[in-house]
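Each chain, letter by letter, is given below.
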Amino acid sequence: SIACVCNIAGDFLTVAGLDMGPAGTAIATVFSQGISMAGAVLYLNRKKFIFHFSLKTLRIHRGILKEIVHVGIPVSFQECIVRLSFLYLTSITNGFGVNAASAVGIASKYDVFAMLPAFGCSLLFFAWAQLGPETMIGIFSADPQVIQAGIPFFRSCSLDYLAVALLFSLNGYLNGCEKTLFTMTNCCAGALLIRIPLLHFLTGQGIRQLQAYGLVSPCSSLVMIGVILLYLTWLGRKRKNPVFSAS
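Residues numbered from 1 in each chain as written. Predicted model: local features only at pLDDT ≥ 70, side-chain atom pairs only at ≥ 80, totals over all residues. Heavy atoms only, no water.

Caption draft 1: Summary view of the packing of aromatic side chains. According to the stated counting rule, one finds 8 aromatic pairs in the structure shown. With a centroid separation of 5.7 Å and 90° between ring planes, the pair formed by tyrosine 110 and phenylalanine 140 is classed as edge-to-face. One end of the pair, tyrosine 110, is in the loop between helix 4 (98-109) and helix 5 (111-114); the other, phenylalanine 140, is in the loop between helix 7 (133-138) and helix 8 (144-157), and 30 residues separate them in sequence. Judged by its relative accessible area of 24%, phenylalanine 140 falls in the partly exposed class. (Phe/Tyr/Trp six-rings, centres within 6.5 Å; stacked < 30°, edge-to-face > 60°. Helix = DSSP H or I, 4+ residues; strand = E, 2+ residues; numbered from the N terminus. Buried < 20%, exposed > 50% of the residue type's maximum accessible area, 1.4 Å probe, protein only.)

Caption draft 2: How the structure looks around the environment of alanine 127. Tracing the chain through its elements places alanine 127 in helix 6 (residues 119-131). We classify alanine 127 as partly exposed; its relative accessible area is 30%. Each C-alpha atom, one on alanine 127 and one on threonine 93, is 24 Å from the other, the two residues being 34 residues apart in sequence.

Caption draft 3: Molecular detail of the pattern of salt bridges. One pass over the full model with this rule turns up 1 salt bridge. The salt bridge involving arginine 83 is made with glutamate 79; its shortest N-O contact spans 3.0 Å. Within this pair, arginine 83 and its partner glutamate 79 are both found in helix 3 (residues 62-94), separated by 4 residues, close to a single helical turn. For arginine 83, a relative accessible area of 46% puts it in the partly exposed group. (Salt bridge = Lys/Arg side-chain N within 4 Å of Asp/Glu carboxyl O.)

Caption draft 4: Spatial organisation of the environment of isoleucine 207. If you trace the backbone, isoleucine 207 turns up in the loop between helix 10 (180-204) and helix 11 (210-214). Apart from the residues within four sequence positions on either side, isoleucine 207 is in contact with Phe96, Leu202, Ala212 and Tyr213. (Contact = heavy atoms within 4.5 Å.)

Caption draft 5: The arrangement of the state of the cysteines in detail. This structure, assessed with the given rule, holds 0 disulfides. Left without a disulfide partner, cysteine 188 is nearest to the cysteine sulfur of cysteine 187, which lies 7.0 Å away. Residue class for cysteine 188 comes out buried when judged on its relative accessible area of 9%. The thiol sulfur of cysteine 219 is not disulfide-bonded, and the nearest other cysteine sulfur, from cysteine 157, lies at 13 Å. Taking relative accessible area as the criterion, cysteine 219 reaches 39% and is therefore assigned partly exposed. (Disulfide = S-S within 2.5 Å.)

Written out as structure tokens, the structure is:
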């Protein structure tokens with residue numbers, strides 16, 4: 001969240017204030033990630049983490065590295081595939097004109113906050129998008145044409161705020177249980193077999209309404225949630241334990 005706030009503030013400063021264009025956006029992103037990393041190190045050191053972050057402790061431990069690779073590579077790979085599917089959405093909407101592209105770009109800036117695993121936060125952003133999407137868009141653009149183009153997209157894509165909040169929580173639980181291969185497969189399948197084909201179908205039908213494209217991600221998320229729930233039920237029966245047992 002800190003990184004997202006810094007990123008948005010950096011975008012305002014470098015793009016709107018200094019007129020640096022894409023280079024400004026890149027600088028803001030790198031800077032915000034650096035601030036996030038520094039904040040995490042300071043926080044963990046103050047909370048007396050299992051080790052103290054310093055140059056002396058930055059060493060490779062084979063056992064820990066093996067665990068990181070086992071968990072991290074599947075998670076990183078699935079994130080890459082998911083991002084590529086959203087990049088495909090962006091490439092499609094860019095062809096709908098500047099106003100549509102701007103509206104979709106603005107919507108992406110809310111994703112980090114709106115899709116937090118904290119359901120209350122997601123519910124708040126969902127309600128905001130349903131009741132006052134023009135105010136969400138207006139924070140980043142005062143152009144009435146951008147606002148008008150973005151209203152239907154915000155109302156449809158905000159359904160994903162609720163779905164992803166649950167999906168992230170379920171994925172986090174499974175990753176903690178070292179079921180990273182399943183979460184990777186499920187998320188990649190959702191992107192490659194549902195999200196991208198649906199986007200391709202809409203473009204093939206000549207549909208240009210942003211509302212329809214905003215519904216693609218919620219549909220994909222709901223299918224992935226359904227698959228996870230079936231998997232958890234199967235695990236529970238297999239182990240003869242409660243479905244949500246972490247053992």
